[in-house]
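An overview of the molecular structure
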Amino acid sequence: MNKKKLVVFSGAGMSAESGIQTFRDTGGLWEQYNVEDVATYNAWIKNEVLVLDFYNQRRKQIMQAQPNEAHKMVAALAKDFDVQVITQNIDDLHERAGSKKVLHLHGEIMKGRSTANADLIYDLKSWEIKQGDTCALGSQIRPHIVWFGEPVPEMKNAILLAQEAAIFIIIGTSLNVYPAANLIHEVPHHVPKFLIDPGEFSLSSVPHLTIIKTTAVEGMKKLQLQLKKYLQENK
């Protein structure tokens with residue numbers, strides 16, 4: 001029997017309970033750093049050392065973090081569903097929790113890439129990219145991150161996955177970062193949709209949407225009950 005395609009779209013709130021600092025919440029990273037100074041191509045040109053250090057510190061933190069129960073519960077859904085994760089997160093916690101199909105919209109912090117050829121991508125063995133670390137072409141390696149103002153190469157693939165979903169689950173995202181926030185509007189009208197997040201949302205126009213207003217871990221526990229009911233009704 002073919003498994004139903006279940007698409008999970010995750011954001012910063014997914015990893016918050018692993019101790020990964022979010023960007024937009026009160027006390028988040030954007031209150032400590034000016035986005036123009038560390039997360040744009042112009043910032044890279046202006047102060048390569050600062051940008052490298054910013055992402056080195058993020059990478060160190062992520063390497064020390066562990067997947068939380070929500071990551072593990074998402075991975076466990078593969079027992080009953082064809083699970084595809086689309087994440088705005090640059091960490092690798094979905095993969096470490098056991099998810100096999102993960103599409104990273106905004107890049108992967110555990111990878112670096114050539115500044116001369118974006119197709120030259122390298123797995124990083126340590127937390128640090130240093131000035132003078134070069135690719136095969138001799139160019140400086142930069143974080144494999146989609147910076148503000150840069151195109152999102154995986155967006156087309158994410159849209160296709162959203163359009164194919166039989167169930168669509170959003171976890172831990174404010175739906176304020178575009179173009180990613182538009183994904184919910186790509187999901188077919190009749191498809192059941194679930195949003196797990198403690199924030200406030202104006203999504204009355206989205207059909208068949210259930211909002212579970214809590215954190216990722218608590219929300220996934222509640223969602224499991226609804227998914228069991230779904231499976232029983234769609235045998």
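Residues numbered from 1 in each chain as written. Predicted model: local features only at pLDDT ≥ 70, side-chain atom pairs only at ≥ 80, totals over all residues. Heavy atoms only, no water.

Structural notes on helix α8 (residues 155-164)
By the burial criterion, the buried members of α8 are M155, A158, L161 and A162. All buried residues of α8 lie within an arc of 120° about the axis, which places them on one face of the element. Contact partners of the buried residues in α8: β1 (5-10), β2 (82-87), β3 (102-104) and β7 (167-171). (Buried < 20%, exposed > 50% of the residue type's maximum accessible area, 1.4 Å probe, protein only. Helix = DSSP H or I, 4+ residues; strand = E, 2+ residues; numbered from the N terminus. Arc of directions from axis to C-beta. Contact = heavy atoms within 4.5 Å.)

Remarks on the environment of I159
Turning to its location among the elements, I159 is positioned in helix α8. Classification of I159 as partly exposed rests on a relative accessible area of 23%. Sequence separation between I159 and N34 is 125 residues, and the spatial gap between their C-alpha atoms is 30 Å.

What about the environment of E200?
Tracing the backbone shows E200 in the loop between β8 (193-196) and β9 (209-212). Along the sequence, E200 and S174 sit 26 residues apart, while their C-alpha atoms lie 8.3 Å from each other. Side chain to side chain, E200 and K213 meet in a polar contact 3.0 Å long. (Polar contact = N/O pair within 3.5 Å; in protein donor to acceptor, adjacent residues only side chain to side chain.)

Comments concerning the packing of helix α6 (residues 69-76) against helix α9 (residues 216-233)
Running from N to C, α6 and α9 cross one another at 30°; their axes reach a closest spacing of 8 Å. With respect to each other, α6 and α9 are oriented roughly parallel. Together, E69, A70, M73 and V74 of α6 and A216, V217, M220, K221 and Q224 of α9 make up the contact between the two elements. Considered class by class, the residues forming the contact of α6 with α9 number six nonpolar, one polar and two charged. (Axes fitted to C-alpha atoms, helices over the stretch in contact; angles between N-to-C directions. Parallel < 35°, antiparallel > 145°, perpendicular 65-115°, else oblique. Nonpolar A, V, L, I, M, F, W, Y, C, P; charged D, E, K, R; others polar.)

Topic: the sheet that holds strand β5 (residues 121-123)
The three strands lie next to each other as β5-β4-β6, forming an open sheet whose pairing is antiparallel. A single partner strand is all that each edge strand has here, and the edge strands are β5 and β6 (141-145). Each adjacent strand pair in this sheet contributes to an overall mean axis angle of 45°, direction not counted. In this structure, strand β4 (residues 107-114) lies alongside β6, joined through four bridges in antiparallel fashion. Directly across from G112, in β6, lies its bridge partner P143. The strands touched by helix α5 (residues 48-64) within the sheet are β4 and β6, with β4 carrying the most contacts at an inclination of about 140°. (Pairing = 2+ DSSP bridges.)

Regarding the layout of surface pockets
Its boundaries defined by the atoms lining it, the second largest pocket holds a volume of some 280 Å³. Along the walls of the second largest pocket sit 15 residues, with R113, H144, V146, P153 and E154 positioned nearest its centre. Elements that contribute at least two residues to the lining of the second largest pocket include exactly β3, β4 and β6. Looking at which element gives the most residues to the lining of the second largest pocket, the answer is β4, with three residues. Here the lining of the second largest pocket is composed, by residue class, of eight nonpolar, three polar and four charged. (1 Å grid on protein atoms, 1.4 Å probe; cavity = no way out; pocket = protein on both sides within 12 Å on 5 of 7 lines; lining within 4 Å. Points joined across faces, edges and corners; volume = space filled by probe spheres on them.)

Concerning the sheet that holds β9
What the six strands build is an open sheet, ordered β3-β2-β1-β7-β8-β9; its pairing is parallel. The open sheet has two free edges, formed respectively by β3 and β9, since each of these has just one partner strand. Averaged over all pairs of adjacent strands, the angle between their axes in this sheet comes to 15°, without regard to strand direction. Relative to β8, β7 runs parallel, the two being bridged by four bridges. Its bridge partner lying in β8, I169 is registered against F194.

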